[in-house]
Structure formats: structure tokens, C-alpha cells
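Structure assessment
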Amino acid sequence: MGKYPRLTVDHNELRSNMKQIVDWCKDAGIEVAGVIKATTGMVSVALDYESSGAKWIASSRLEQLRRAKDEGVKIPLMMIRVPMISEIPEMITICDWSLQSEFSTIKALNEEASNAGKIHSVILMADLGDLREGFFEIEELVDVSKYIEEKCDAVHLAGIGTNLGCYGSVVPTKEKMQQLVDYAETIESAIGRRLEIISGGATSSLMPVFDGVMPERINHLRIGAVAMCGPMEDLKQNYGRDEVDVLSGDGFILEAEVIEVKTKPSHPIGELGVDAFGKKRKYKDRGMRQRALLAVGRQDHGDIDNIIPIAEGVEVIGASGDHTILDIEDCRDIIRVGDVMKFRLSYSGLLYLSSSENVSVNEVDRLYGIKI
Ligand SMILES: *Cc1c(COP(=O)(O)O)cnc(C)c1O
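For the structure given in this document, a descriptive report is provided here. Just so it is clear, the structure is predicted and the values come from calculations on it, not from any experiment.

Cut-offs and rules
- Each chain carries its own residue numbering, running from 1 in the direction its sequence is written.
- pLDDT decides what is reported in this predicted model: residues at 70 or higher carry local features, side-chain atom pairs at 80 or more are listed and counted, and totals for whole chains, interfaces and linings draw on all residues regardless.
- The side-chain numbers reported here are obtained from all heavy atoms of the structure, hydrogens and water having been left aside.
- In what follows, a disulfide is any cysteine sulfur pair within 2.5 Å.
- Three exposure classes are used, based on accessible area relative to the maximum for each residue type with a 1.4 Å probe and protein chains only: buried under 20%, partly exposed in between, and exposed over 50%.
- Going along the chain from the N terminus, every DSSP run of H or I of four or more residues is numbered as a helix, and every run of E of two or more is numbered as a strand.
- Regarding the arc, it is the one traced by the directions from the helix axis to the C-beta atoms.
- By definition, a salt bridge exists where a carboxyl oxygen of Asp or Glu is found within 4 Å of a side-chain nitrogen of Lys or Arg.
- In these notes, residues near a molecule or strand are those with any non-hydrogen atom within 4 Å of it.
- By the criterion applied in these results, polar contacts are pairs of N or O atoms within 3.5 Å in which, for protein atoms, one can donate a hydrogen and the other can accept it, and in which residues neighboring in sequence qualify only through two side-chain atoms.
- Values of accessible area rely on a 1.4 Å probe in the Shrake-Rupley scheme; residue burial ignores everything except the protein chains shown.
- The classification used treats Ala, Val, Leu, Ile, Met, Phe, Trp, Tyr, Cys and Pro as nonpolar, Asp, Glu, Lys and Arg as charged, and all other residues, Gly among them, as polar.
- Centres within 6.5 Å make a pair out of two Phe, Tyr or Trp rings, where for Trp the six-membered ring is used; the pair is then stacked when the planes are under 30 degrees apart, edge-to-face when over 60, and tilted otherwise.
- Should the NZ of a Lys or the CZ of an Arg lie within 6 Å of a ring centre and within 35 degrees of the ring normal, that charge is described as sitting over the ring.
- The axes are straight lines fitted to the C-alpha atoms, using for helices just the contacting stretch, and the angles between their N-to-C directions are given from 0 to 180°.
- Reported orientations rely on four angle classes, namely roughly parallel under 35 degrees, roughly antiparallel over 145, roughly perpendicular from 65 to 115, and oblique for the rest.
- In this scheme the crossing of two helices becomes right-handed for a clockwise turn of the near helix relative to the far one and left-handed for an anticlockwise turn of less than a right angle.
- The criterion used for residue contact is that any of the two residues' heavy atoms lie within 4.5 Å.

1. Here's the deal with the state of the cysteines
Covalently bonding the sulfur atom of one cysteine to the sulfur atom of another cysteine gives a disulfide. A full pass over the atoms with the stated rule returns zero disulfides. Not part of a disulfide, Cys-152 finds its nearest cysteine sulfur in Cys-95, a span of 17 Å.

2. Regarding helix H12 (residues 347–355)
Burial in H12 covers these residues: Gly-349, Leu-350, Leu-353 and Ser-354. Buried residues of H12 fall within an arc of 115° about the axis and therefore sit on the same side.

3. Concerning the pattern of salt bridges
If you walk through the whole model with that rule in mind, you get 19 salt bridges. Across the pair Arg-286 and Asp-327 runs a salt bridge whose closest N-O atoms are separated by 3.5 Å. Of this pair, Arg-286 sits in the loop between strand E10 (252–265) and strand E11 (288–294) while Asp-327 sits in strand E14 (residues 324–327), placing them 41 residues apart in sequence. Using a relative accessible area of 4% as the deciding quantity, one classes Asp-327 as buried. Arg-298 serves as the salt-bridge partner of Asp-303, at 3.9 Å between the closest nitrogen and oxygen. By relative accessible area, Arg-298 is classed as buried at 18%. Salt bridges linked by common partners bring Arg-286, Arg-289, Glu-315, Asp-327 and Asp-330 together as one network.

4. Here we look at the environment of Gly-168
Within the secondary structure layout, Gly-168 lies in the loop between strand E7 (155–161) and helix H7 (174–191). Linking Gly-168 and Gly-129, residues 39 residues apart in sequence, is a C-alpha distance of 7.1 Å.

5. Observations regarding the site of the ligand
Lining the immediate environment of the ligand, one finds 14 residues, of which Lys-37, Thr-203, Arg-222, Gly-224 and Ala-225 sit closest. In the environment of the ligand, an oxygen atom lies 3.1 Å from a nitrogen or oxygen atom belonging to the side chain of Arg-132. A distance of 2.5 Å separates an oxygen atom of the ligand from a polar atom in the side chain of Thr-203. Protein chains bury 93% of the 390 Å² of accessible surface belonging to the ligand in isolation. Counted by class, the shell around the ligand contains seven nonpolar, three polar and four charged residues.

6. Some remarks on unusual backbone geometry
A cis geometry characterises the amide bond from Tyr-4 onward to Pro-5, with omega recorded as -5°. Secondary-structure assignment places Pro-5 in the segment before strand E1 (6–10). Look at Thr-40: it is not a glycine, yet its phi comes out positive at around 55°. Counting through the fold element by element, Thr-40 comes out in the loop between strand E2 (31–35) and helix H2 (43–51).

7. Details of the packing of aromatic side chains
For the structure shown, the criterion picks out three aromatic pairs. Ring centres of Trp-56 and Trp-97 lie 5.4 Å apart, and the angle between their planes is 85°; this geometry places the pair in the edge-to-face category. Taken as a pair, Trp-56 in strand E3 (residues 56–59) and Trp-97 in strand E5 (residues 97–100) lie far apart in primary sequence, 41 residues in all. Look at Trp-56 and you get buried, because its relative accessible area is 7%. Taken together, a centroid distance of 4.7 Å and an interplanar angle of 90° make the contact between Phe-103 and Tyr-147 edge-to-face. Taken together, the positions of Phe-103 in helix H5 (residues 103–116) and Tyr-147 in helix H6 (residues 138–151) put the pair 44 residues apart, joining distant regions of the chain. Assessed through its relative accessible area of 26%, Tyr-147 is described here as partly exposed. Directly above the ring of Phe-277 sits Arg-298, whose terminal nitrogen or CZ lies 3.8 Å from the centroid.

8. Here's the deal with H2
Every buried residue of H2 is accounted for by Val-43, Val-45, Ala-46, Asp-48, Tyr-49 and Glu-50. Where H2 terminates, the next one or two residues include Gly-53, which has phi positive at roughly 105°.

9. Considering the packing of H6 against H7
To describe two helices that pack against each other, one gives the angle between their axes and the distance between the axes. Viewed as axis vectors pointing N to C, H6 and H7 meet at an angle of 40°, and their least axial separation amounts to 9 Å. With respect to H7, the axis of H6 lies oblique. In terms of crossing hand, the pair formed by H6 and H7 is right-handed. Counting all contacts with H6, which are made through Ile-138, Leu-141, Val-142, Ser-145, Lys-146 and Glu-149, the residues of H7 involved are Tyr-183, Thr-186, Ile-187, Ala-190 and Ile-191. Classifying every residue of the contact of H6 with H7 gives seven nonpolar, two polar and two charged.

Quick look at the structure:
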């Protein structure tokens, strides 16, 4: 495999991001699970999060948690995509924590864990309106909690949690967070003890932390996106808080090699049908423009919005599976064939690039003397 396209991971930036997030949360009485799924489970990133104060490493994929366990992560691992019944036997050998939302899965989990002589801790998910995973009716949540408490010898009910801003785009307001606390307190009266964990969500639930309105009993968040991509525009639009500006967006950088530089018309010539992905497109005629072609494509980065050029005056104007086209007419640097262009990444860009087998990974850690 060639050197490019290449994803450079700067561990110093990632550790300082996670330290900052852990500090913000600590001040609000919240512990952090560091979520590694957007990196396709890079263990080096999990180790950064561990050394920066995260109390769990979390992922939506068992194979990523398996690698974390095998390669030296010491803190507890948490499965945050509610598990398939078929993966429970494997799950209990890898991690002792999971999110749950189905009675039948919990029963299967209890049986497997009991046979294996393990205690598995669960956080029951409450769906507060975002409409992905979670119990929708509080009555069902209470019934299942009582069942676990009274009937399960190998499943421990650690607490409840919620997920917002994923399918339904629902914002984690103070009211939603309070609703979760109310649910927890209803369960606590039913089972006659306090729950250890009330997990208020993901990166988007930093908003009520920044605003100082997070209810005191929310004591757990599962943070991925902002720790990895920092104050990227897509995150700022979603979470809209300037606080994230102190985080670094340089933890992950894409480097791609220029394979053609030519001046061409900006409007296609001929009768127009559809592009490489079957879409009808509109093209603006801006006259002749200098463009650079990169050896990286949508198979690697997903789409052009996912990569943000670092050089000024460079615009990503299109991509097919294996090519990306840049308009470099307004760029002051001279760009030649063989040059390497750098890009910051959106969350989805990182998700795609880290899982592409065409993209090599370059790890940088100044603490340990590895430089770019
Ligand atoms: C992905 C995920 C998270 C982390 O979300 P970010 O937006 O990356 O912080 C947390 N909880 C669950 C259940 C998830 O699936």
C-alpha cells in the first residue's frame, strides 16, 4: 500500500481535548465514558482517553472493545449499541457494562452471565423522544428495573441513560435532563435503593453543562465526537457553544496526494445526465479555473463536505469514488503534481476514513518523540 491517502492522528491534541472535557464534566459532578467508535476503534485513542481521565472506554462495536481489551486498556469497557442477542456470549467475555432496551435481551444476558459466573452491569435506556433506542413508557422501564433487581442474579442495574440528537435531532434541554432524573427517581422508589448512574447522553449533552443547568443527579456522559473533531463547523452548528473553541480540531488530519493540476472550464461540456453516484447536479459557470485532482475519493471520505481544506483559497468542488476535485484558482500556494494537501475532518469524515482500507494511519505523539 502506498503512503497516501493517510490519516494522521495527533495524540497530544486528543489527550488535551479529553482532559479539558473531563475537567468540565468533573466540575459538574459528571464522569466521562470516552467513545472510540468514530475512529473505528483505534486502541491508541482509547489509551489517550484512559490517560486523560475517562472512566470507561465505550464503543458500539464489540470487535473494537475486544481490541481495546487485548491491547491494554485497563478501565472498564462499555458496549453502547444495545447488543444483539446473538452477541451476548461474546459480549460478556469482553466487557462488563452495556446499554440495554429490551426485556428479552436482558433475560438472555442474565442467563449467559450467570452460566459464566459473571456480573454484568447495565444502564437501561429511556427514549425521551429522539426515537432511536430505549424504553418509551416509564411503566415498562420500572417493570424491567424491578425484574432485574428481584430476579436477575447476574445482571446488575447500575442506572438509566438516554440518547438525544441522533435520529430525532432532539436537543438535550434542562427539561429533558430533568425528565431523566424523574424517571430514575421513580425507579428508585420502586426498587428501594439509589441508582449509581444517570447517563445524560453524548457530546450534545455538554450544552446543559456549559449552560450550568445540568441537574445535579446526572453524573455520566458518553463523549465521542467533540473529543475527536473539536470545534468543527458541523459540531458547532449542532451544539452551538463557543466553549468548544478551546478544543483542537487537529487530532485527525487527512493527507492526500495531488495527481493532476490543470486549468479547465468550471461548467461541464455536453449534454448533462447524472454523476458517478447517479445524482443530477447543477454546475455554476465561473469560467476557466485552476483545479487539482486528488487520489482519494468518496469510498474513503464519504462526501466532499466531510473534508475541510487547511490551505486558504482551496475549495472541494466534487468527488467520485476514487477522485476528489479541488478548485485552487484562489489559492496563493503553488500546488504541483506530487504535492500533499491536508484536510481537517468532520465526524462522518473520520468515521469513513478510519475504516477505509485504502487509507494508511500515521500516529504522532510528541510526548514519546514521534513527530510529523
Ligand atoms: C455514538 C454514541 C455516543 C457518543 O456520541 P458523540 O456524539 O460521538 O459524543 C454516546 N452514546 C451512544 C449510545 C452512542 O451511540
